[in-house]
Amino acid sequence: MDLPGGLLLREARPADLDQIAALLADRGDPNDAEDHRLVVEDPDGGFDACAVVLDGDRVVSTATLLDETVVLGGLPVPAGQVELVATDRAYEGRGLVRALMGWAHERSARRGHLMQVMIGIPYFYRQFGYQYSIPMPHS
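Here the structure is a predicted model, which means the values were calculated and not measured.

A. Spotlight on the pattern of salt bridges. As enumerated under the stated definition, the model contains eight salt bridges in all. A salt bridge links Asp16 to Arg10, with the nearest nitrogen and oxygen atoms 2.7 Å apart. Salt bridges sharing common partners tie together Glu34, Arg37 and Glu41.

B. Structural detail: the nonpolar core. Leu3, Leu9, Val53 and Leu96 are the most contacted members of the largest nonpolar core, which has 18 residues in total. Mapped by element, the contributors of at least two residues to this core are strand 2 (7-11), strand 3 (50-55), strand 4 (58-72) and helix 3 (96-110). In terms of residues, this core owes the most to one element, helix 3, which gives seven residues. When residues no more than four places from it in sequence are discounted, the contact partners of Val53 are Leu3, Leu7, Leu8, Leu9, Arg58, Val59, Val60, Ser61, Leu96 and Leu100.

C. Molecular detail of the pairing of strand 4. Here six bridges tie strand 3 to strand 4, and the two strands are oriented antiparallel to one another. Along strand 4, the bridge assignment pairs Asp55 with Arg58. With antiparallel pairing between neighbouring strands as the criterion, strand 3 and strand 4 make up a hairpin whose turn holds two residues, including Gly56 at a positive phi of roughly 70 degrees. As paired strands, strand 4 and strand 5 (residues 75-87) are joined by 11 bridges and run antiparallel to one another.

D. Focus on the side chain of Ser61. Positionally, Ser61 belongs in strand 4. Exposure remark for Ser61: the relative accessible area of 0% places this residue in the buried category. A distance of 3.2 Å separates a polar side-chain atom of Ser61 from the backbone oxygen of Ala86. Among all residues touching Ser61, those that are not within four sequence positions of it are Leu23, Ala51, Val52, Val53, Ala86, Thr87, Leu96 and Leu100.

E. Spotlight on the confidence of the model for the chain. In the predicted model, the chain carries a mean pLDDT of 90, and the fraction of residues at 70 or more is 88%. Per-element confidence in the chain ranges from a low mean pLDDT of 85 for strand 6 (residues 115-117) to a high of 98 for strand 3.

F. Quick look at the sheet that holds strand 2. Pairing within the open sheet is mixed, and its six strands lie in the order 1-2-3-4-5-6. The sheet is open, and its two edges are formed by strand 1 (2-3) and strand 6, each paired on a single side. Sheet topology note: the strand 2/strand 3 ladder contains four bridges and is antiparallel. Note on strand 3: the bridge partner recorded for Glu11 is Ala51. Contacts from helix 1 (residues 17-27) reach strand 3, strand 4 and strand 5 within the one sheet, and its direction differs from that of strand 4 by about 75 degrees. Sitting on the sheet, helix 3 is in contact with strand 1, strand 2, strand 3, strand 4, strand 5 and strand 6, with an inclination near 40 degrees to strand 4.

Cut-offs applied
- Residues numbered from 1 in each chain as written.
- Predicted model: local features only at pLDDT ≥ 70, side-chain atom pairs only at ≥ 80, totals over all residues.
- Heavy atoms only, no water.
- Salt bridge = Lys/Arg side-chain N within 4 Å of Asp/Glu carboxyl O.
- Core = buried A, V, L, I, M, F, W, Y, C linked by side-chain atoms within 4.5 Å.
- Buried < 20%, exposed > 50% of the residue type's maximum accessible area, 1.4 Å probe, protein only.
- Helix = DSSP H or I, 4+ residues; strand = E, 2+ residues; numbered from the N terminus.
- Contact = heavy atoms within 4.5 Å.
- Pairing = 2+ DSSP bridges.
- Polar contact = N/O pair within 3.5 Å; in protein donor to acceptor, adjacent residues only side chain to side chain.
- pLDDT = per-residue confidence, 0-100.
- Axes fitted to C-alpha atoms, helices over the stretch in contact; angles between N-to-C directions.

Set out below in C-alpha cells:
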C-alpha cells in the first residue's frame, strides 16, 4: 500500500529481518528483536504476521499481529494482539502506526478474530479505538 511521502506499507520479508530487529531494539527492549525473530520463524506466525513501512529499502516502522485466544466465561474467543510496534524517531508523527494498525485490523478480521487485545503504551492505543477492560497484573 502506498503511503504519503513515497513510503510503502507491505508484509515483512526475510530480507527485512535485520532492519526490523535493529528498529525494535532501538525503540523498545533489545529482547523485542529476538521475540520478533521467534514469531516470523514459527510456522503459526511467519513473515505475513508482520508488516513494515519502507522508505526506499529502509524499514522505518513495523508492527506484528499475533493470533491469541481469550477465554470469556469458559468460551474461547479468537483474538488478535498487535505487538512489536516501532517507528524510527525521524518518521514519527506521519501516521505510520495508524496505517500499520489499519493493516493489523484488516488482517485480524480476515483471520476470524472476534476481538483485539492490546498490552502497550498506556493511553496511546485509545486513538485506535482500544479501551481498558481487563486489569493486567504487573510482573
